Amino acid sequence: MKLHQLSLFLLGLLLGAVALAQGTPQPNAQAMLQASDAVRNPDKAFGVTVTLIEYRNGKQTDTSTLGSYAKSDARSGQFRTLIRFVAPTRDEGKLMLKNGNDFWFYDPASRASVRLSPQQRLMGQASNGDVVTVNLAKDYQAKIGLEEEIADGNRQMRRSTRLDLSASSPDASYNRIELWVDSANSQPLKARFFSESERLLKTVYYRRYQPQLGKERPTEMVIIDGLDAKWVTVMRYSDFVYRDVPEVWLQRDYLPSFKPE
Amino acid sequence: MYIKQATALLTIALCAPAFAADAIEDDALNLADTTTETAPVTPSSWRLFSETTAGRTTVHQWGLPDTTEDTQRLSLDLLVDKRLSPEVRAVFSDRLDLNHQSDALGQKTLNSVKEAYLSWQPQNDRVLDVGRINVRYGAAMGYNPTDFFREGANRAITSFDPNAIRENRMGTVMLRGQTLWQGGALTAIVAPKVADAPNTGDWNADLGATNNRNRWLVSVSHQLADNFNPQLVLYGDQRQPVQMGLNLAMLVNDATVAHVEWSGGRQKSLLAQALPLSQAVSQDETFRNRLATGLTYTTASKLSITGEYHYNGAAVDKAVWNALRTSSMLDYTSYRELVDEQLDLTTRQAAFLRASWQDAFINRLDLTAMLRYNLDDHSKLSWLEARYRFEKSEVALQWVMASGDDSSDFGAMAQRRYIQALFRYYF
């Protein structure tokens, strides 16, 4: 074989390998992500009570309760949420509306509705709400990262698939997410959320799976702050209920009139 | 041998962060395991808090040397918001301020009936409210040209923080109807005249302060595109032609929201309103604009900074302001009283800066700083607060300083400086 023939042969091999690598079908990462979303989120509008217990340096420092009303948008498929602060007393009645990248905060004391930036919303505990009530498949593109055994939230070894999610919509709250799901049933086990500057924002364990609204769903999330690992939030979900959330409620002008049962 | 050792060390070095992360996560999960079940919390239909303050104020009165006096205040603030039936809701809100202070600083006892109304929602997209309602329009923070029902609404100013001023004010007696559709709403308000003039009686509901003439308002908003949801307002007042207003808040990037609030319409200047009989002041109604626009930027460390530019086309400009300050004391006082009552800008232009830092240095400690700067006479008002939140209470330290010439916008304030400690308790 002459030199130029050998070169052509090697080039052909290389191109073939590249083509093969590109054409390798992913084990349907996006479908796994959708299945994982469906484990966390009921398929119809629903309400849930969220209790957040906050720890700093191992000591319980704060407890708050939120009522969350979620409904998916027929257009985008993404969840819109109306969060009502129930406790502590100083925050009672305050509302947070999330509709895509529109965030409105309403304070009944001043009767004022204020638009917030995503960064501003991250300041409050309400931001943790979307760790659960969000359809990741709508805002992120998934790739299969790794098949591995990991310890789940109960320290049980589980065969898992790590999905590497990258933001594909301007509404995505995080730049990148690593999500470990059970390889057998796509139950979310653990996730890491990253900012645009590749800073780890939070690590979340999904656990306490219980039958809720027709499916085994996680009812407890353990959230570890990315910057301060001694800041841990335990988020518990209770009182799941299918509940109609009228479209007209999900806007700034309705917030002063919102008074759930 | 060396290669083996080096390989082992490298392996340890590479794996150490992973082990550390695992240990951290294990600790967190152990902590979560110890979390006991919390008792269910149900939404309450009322909220009551008391606020006690003690402070020292430098009292400034024109032509007299400054004096210092100690002040104390006890306030009770109640809000009841109860659903009477699936369709009817009752709201009542009241604030009582008991002040221990000299007459120069204001009334000693003041009760403000902030809200008292019934709300009927026969269907999801229709709401009808009747009673005294605190209606607040405005996208801006430091000055709200479209907040048409702000005039005369504050019986007592217990804080210079714009949020507190809004919280402590009285609503207006009105009939309000609202119809909603997906992404939009139309609101109509009729606020009739109920009394001729304000009543300063300690316990008076003071309907004359908020309902001393017939007024109406119509507002419409609609989500025209993602990130574009303008609100248009029309406001009618028997004292002047119809005024228009616009509110718009848009996301600039992940950390920044820009806002514009504008109102405009034909009306007399504020000076003409204050001095209706003066031959030297034109009583013409011309188109006048008011504007508040700015940005709010939030850092990753929970620091939020708002900067705003304020413009009031109905207020006196720099030249007239300087002339007014040095001419008739009576005219000057009349003008100031009118501007204070309307919570309007004293002169044509101002700047506003507010920074709030949540969980500053330590968890639960909030620091807030505010600066109002009059761009025409260069007087300023600075306000600082440190507030620590406990489970059912809050303690705060507040400091205020007004600076500028005696007759300037902020230099003329009676409370030139004050420092006060505050304790709030939620029952």
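Counting from 1, residues in each chain are numbered in the order their sequence is written. Chains carry letters from A onward and ligands carry numbers from 1 onward, assigned in written order. It should be noted that, the model being predicted, local features are given only for residues of pLDDT at least 70 and side-chain atom pairs only at 80 or more, the latter also being counted only at that level, while totals for whole chains, interfaces and linings use all residues. Side-chain metrics rest on all non-hydrogen atoms present in the structure, leaving aside hydrogens and water.

Colleague: Let's hear about helix 6 (residues 329-341) of chain B: which residues, and what values?
Modeller: Residues and elements named next belong to chain B. Each helix is a run of H or I in the DSSP string that is no shorter than four residues. Each strand is a run of E no shorter than two, and both are numbered from the N terminus. To estimate the expected span of a helix, count its residues, drop one, and scale the result by 1.5 Å. With 13 residues, helix 6 should cover 18 Å at 1.5 Å per step; its first-to-last C-alpha distance of 18 Å lies within 8% of that length. The buried label applies to any residue whose accessible area, calculated with a 1.4 Å probe on protein chains only, is under 20% of its type's maximum; exposed applies above 50%, and partly exposed to all values in between. What helix 6 keeps buried is the set Y332, Y335, R336, L338 and V339. For helix 6, the angular spread of the buried residues around the axis is 165°, confining them to a single face. Among the exposed residues of helix 6, those oriented more than 90 degrees off its buried face are L330 and E337. What makes two residues a contact is simply this: any of their non-hydrogen atoms within 4.5 Å. In this structure, the buried side of helix 6 is in contact with helix 4 (270-274) and helix 5 (318-326). The backbone nitrogen of L330 has a side-chain oxygen 3.2 Å away, supplied by the residue at the start of helix 6, namely S328. L343 sits one or two positions beyond helix 6 and adopts a positive phi of about 45°. Our arc is simply the arc of the directions from the helix axis toward the C-beta atoms. Under the rule applied, a polar contact is a pair of N or O atoms within 3.5 Å (in protein, one hydrogen donor and one hydrogen acceptor; residues adjacent in sequence only if both atoms are side-chain atoms).

Colleague: Hey, could you go over unusual backbone geometry for me, with residue numbers and the actual values?
Modeller: Residue and element names in this part refer to chain A. In this model, A87 is joined to P88 through a cis peptide bond whose omega is 5°. Its place among the elements puts P88 in the loop between strand 3 (79-87) and strand 4 (95-99). The phi dihedral of S186 falls on the positive side, at around 65°, and the residue is not glycine. The topology assignment puts S186 in the loop between strand 9 (176-182) and strand 10 (188-194).

Colleague: Which residues make up the pattern of salt bridges, and what values go with them?
Modeller: All names here are of chain A. What counts as a salt bridge is simple: a side-chain nitrogen of Lys or Arg found within 4 Å of a carboxyl oxygen of Asp or Glu. Tallied over the full model, the rule gives 55 salt bridges over all chains. Between E178 and R176 there is a salt bridge, with the nearest N and O atoms lying 3.2 Å from each other. The exposure class of E178 is buried, given its relative accessible area of 12%. Taking the relative accessible area as the measure of exposure, R176 reaches 24% and is therefore partly exposed. Among the ionic pairs, R208 bridges to E220, the shortest N-O distance being 3.6 Å.

Colleague: Explain the packing of aromatic side chains to me, using residue names and the numbers behind them.
Modeller: Within a pair of aromatic rings, the relevant descriptors are the distance that separates the centres and the angle that separates the planes. Stacked, tilted and edge-to-face pairs are distinguished by plane angle, under 30 degrees for stacked and over 60 for edge-to-face with tilted covering the rest, among Phe, Tyr and Trp rings (Trp via its six-membered ring) whose centres lie within 6.5 Å. Per the stated rule, a full pass over the model turns up 16 aromatic pairs over all chains. Relative to F240 of chain A, the ring of Y237 of chain A has its centre 6.3 Å away and its plane inclined at 25°; by these criteria the two rings are stacked. According to the relative accessible area criterion, F240 of chain A is buried, its value standing at 11%. Geometrically, the ring pair formed by Y388 of chain B and F390 of chain B is edge-to-face, given 4.9 Å between the ring centres and 65° between the ring planes. Clustering of aromatic rings is evident, with ring pairs tying together F46, F79, Y237 and F240 of chain A. By definition here, charges over rings are those cases where NZ of Lys or CZ of Arg is within 6 Å of the ring centre and within 35 degrees of the ring normal. Between the NZ or CZ atom of K44 of chain A and the centre of the ring of Y242 of chain A, over which it lies, the distance is 4.5 Å.

Colleague: So what's going on with the interface of chain B and chain A? Residues and values would help.
Modeller: Chain B puts 74 residues into the contact, and the matching count from chain A is 65 residues. Summed over both sides, the interface of chain B with chain A buries roughly 5,900 Å², with 47% coming from carbon and sulfur. Run the count over chain B and chain A and you get 11 salt bridges. Two residues, K259 of chain A and D81 of chain B, come together in a salt bridge whose shortest N-O distance is 3.9 Å. At the boundary of chain B with chain A, the tally comes to 34 residue pairs in polar contact (both at pLDDT 80 or more). Buried area, as used here, totals the accessible surface that two parts lose on assembly, with accessibility defined by a 1.4 Å probe and the loss added over both.

Colleague: Describe in detail the packing of helix 5 of chain B against helix 6 of chain B, supporting the description with residues and values.
Modeller: All names here are of chain B. Angular values range over 0 to 180 degrees, each being the angle between N-to-C directions of two axes fitted as lines to C-alpha atoms, with helices fitted over their stretch in contact. Helix 6 packs onto helix 5 with a crossing angle of 125° between their chain directions and a minimal axis gap of 7 Å. Put simply, helix 5 runs oblique to helix 6. Seen from helix 5, the contacting residues are W321, L324 and R325; seen from helix 6, they are D331, Y332, Y335 and R336. Looking at the contact of helix 5 with helix 6, its residues break down into 4 nonpolar, no polar and 3 charged. Every angle not falling under 35 degrees, over 145, or within 65 to 115 is termed oblique; those three ranges are roughly parallel, roughly antiparallel and roughly perpendicular. Polar here means any residue outside two lists: the nonpolar Ala, Val, Leu, Ile, Met, Phe, Trp, Tyr, Cys and Pro, and the charged Asp, Glu, Lys and Arg; Gly therefore counts as polar.

Colleague: Provide a residue-level description of the environment of D125 of chain B, including the pertinent values.
Modeller: Relative to the assigned elements, D125 of chain B resides in the loop between strand 4 (109-123) and strand 5 (126-133). Each C-alpha atom of the pair D125 of chain B and L371 of chain B lies 41 Å from the other, and the pair is 246 residues apart in sequence. Not counting residues up to four positions away in its chain, the partners in contact with D125 of chain B are V248 of chain A together with Q178, T179 and L180 of chain B. A polar contact is formed between the side chain of D125 of chain B and the side chain of Q123 of chain B, at a distance of 3.0 Å.

Colleague: Give me the pairing of strand 12 (residues 286-298) of chain B: which residues, what numbers.
Modeller: All names here are of chain B. Examined bridge by bridge, strand 11 (residues 256-267) and strand 12 share 12 bridges and lie antiparallel to one another. When the bridges of strand 12 are listed, R266 appears paired with F287. Any two strands are treated as partners once DSSP identifies two or more bridges connecting them. As defined by bridge partners, strand 12 adjoins strand 13 (residues 303-312) across 9 bridges and the pair is classed as antiparallel. Note on strand 13: the bridge partner recorded for T293 is Y309. Hairpin connection, strand 12 to strand 13: the antiparallel pair is bridged by 4 residues, and K302 has positive phi, about 70°.

Colleague: Before we move on, could you go through helix 2 (residues 29-40) of chain A and cite the residues and values that matter?
Modeller: Side chains that are three or four residues apart share a direction in an α-helix, a result of its 3.6 residues per turn. An ideal rise of 1.5 Å per residue puts 16 Å on 12 residues; helix 2 of chain A measures up with 17 Å between its terminal C-alpha atoms. Turning to helix 2 of chain A, its buried residues number three or more, namely A29, Q30, M32, L33, S36, D37, V39 and R40 of chain A.

Colleague: So what's going on with the nonpolar core? Residues and values would help.
Modeller: Counting 40 residues, the largest nonpolar core has L33, L136, L163, L165, I177, L179 and Y206 of chain A as its most contacted members. Ignoring sequence-local partners within four residues, the contact set of L163 of chain A consists of A29, M32, L33, K143, I144, G145, I177, E178, L179 and V181 of chain A. In this structure, W104, Y106 and L255 of chain A together with A185 of chain B belong to the second largest nonpolar core, which totals 20 residues. The set of buried Ala, Val, Leu, Ile, Met, Phe, Trp, Tyr and Cys residues whose side-chain atoms join them within 4.5 Å is what this entry labels a nonpolar core.

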